[in-house]
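# Observations on the three-dimensional arrangement
Chain by chain, the residues:
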Amino acid sequence: WFGRDATTAILDQARAEFAALIPHIPYVGGFRNLLSPNLVAGAWILARVRALERRGIGLEKIGDFIQAITMAYCNRRRVRWLLRAKSWLYFSALGAWLWKSQARRSQRRAYAGDWVFDYIEGDGKNFDYGLDYSECGLCKFFQAQGAEALMPYLCRLDFPMSALAGSGLERTTTLAEGSSRCDFRFKRGRAVTQGV
């Protein structure tokens, strides 16, 4: 998209931006929180966004770029394997226990920058399990960084990643789009339909 020299300059700027963001990534429980890696990934994306913004690139073009680079990363063999392994875990009894315990922990609101959500039991037909988020750690982080306009683009990444993982995501509302919740519904093996 940019040529070798410009790409090198953008990556150098993104590394500097990421280093500056690291101290601002909120602590939400570390490895005890299944969602902690999302904050690091969000900061990684935001660093690239800021490097692109410095070149005068608009938000829509940046959204396309972020989708392309994220999917290129996720299509790597090891990453695809990891996505599928995590999906397998999350559809298991252990996965249900993990998500239920995470949901209960989130309700205590121990960390201001954390997600708050409910675990939704599957109905045996339309979905295997669901997660209803009433607060989003990424939305909070991006808002604190003055980058909330980017969140809908990040939310859209959930669909191609779910397709790679085989987790059959359906979602009709998101906090990033102004709704009161994000309503994730997963069904193993179901085709992913692009939504919000």
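Model, not experiment: these values are computed from the prediction.

Here the focus is the layout of surface pockets. Of the volumes computed, that of the largest pocket is approximately 1,400 Å³. Listing elements by their share of the lining of the largest pocket, those giving two or more residues are helix 2 (36-53), helix 3 (59-74), helix 4 (77-90), strand 2 (129-135), helix 7 (151-156), helix 8 (158-165) and strand 3 (182-186). Tallying contributions element by element places helix 2 first for the lining of the largest pocket, with 7 residues. Split by residue class, the lining of the largest pocket holds 31 nonpolar, 6 polar and 3 charged.

Here we take up the pairing of strand 2. Of all 7 residues in strand 2, 5 are buried; the element is thus mostly enclosed. Summarising the sheet, strand 1 (residues 116-121) and strand 2 pair through 6 bridges and their orientation is antiparallel. Across the sheet, the residue bridging to F117 is Y133, located in strand 2. As paired elements, strand 2 and strand 3 share 5 bridges and run antiparallel to each other. Each residue of the ladder has a partner; that of D132, found in strand 3, is D183.

On the basis of which strands lie adjacent, the open sheet formed by 3 strands has the order 1-2-3 and antiparallel pairing. Across the chains shown, the open sheet's two edge strands, defined by having one partner strand only, are strand 1 and strand 3. Across this sheet, the average inter-strand angle for adjacent strands is 20 degrees, counted without regard to direction. The sheet contacts of helix 5 (residues 93-107) involve strand 1 and strand 2, and relative to strand 1 the element is tilted by about 145 degrees.

Conventions used here
Residues numbered from 1 in each chain as written. Predicted model: local features only at pLDDT ≥ 70, side-chain atom pairs only at ≥ 80, totals over all residues. Heavy atoms only, no water. 1 Å grid on protein atoms, 1.4 Å probe; cavity = no way out; pocket = protein on both sides within 12 Å on 5 of 7 lines; lining within 4 Å. Points joined across faces, edges and corners; volume = space filled by probe spheres on them. Helix = DSSP H or I, 4+ residues; strand = E, 2+ residues; numbered from the N terminus. Nonpolar A, V, L, I, M, F, W, Y, C, P; charged D, E, K, R; others polar. Buried < 20%, exposed > 50% of the residue type's maximum accessible area, 1.4 Å probe, protein only. Pairing = 2+ DSSP bridges. Axes fitted to C-alpha atoms, helices over the stretch in contact; angles between N-to-C directions. Contact = heavy atoms within 4.5 Å.

Purely spatial values, then, with no claim about function.
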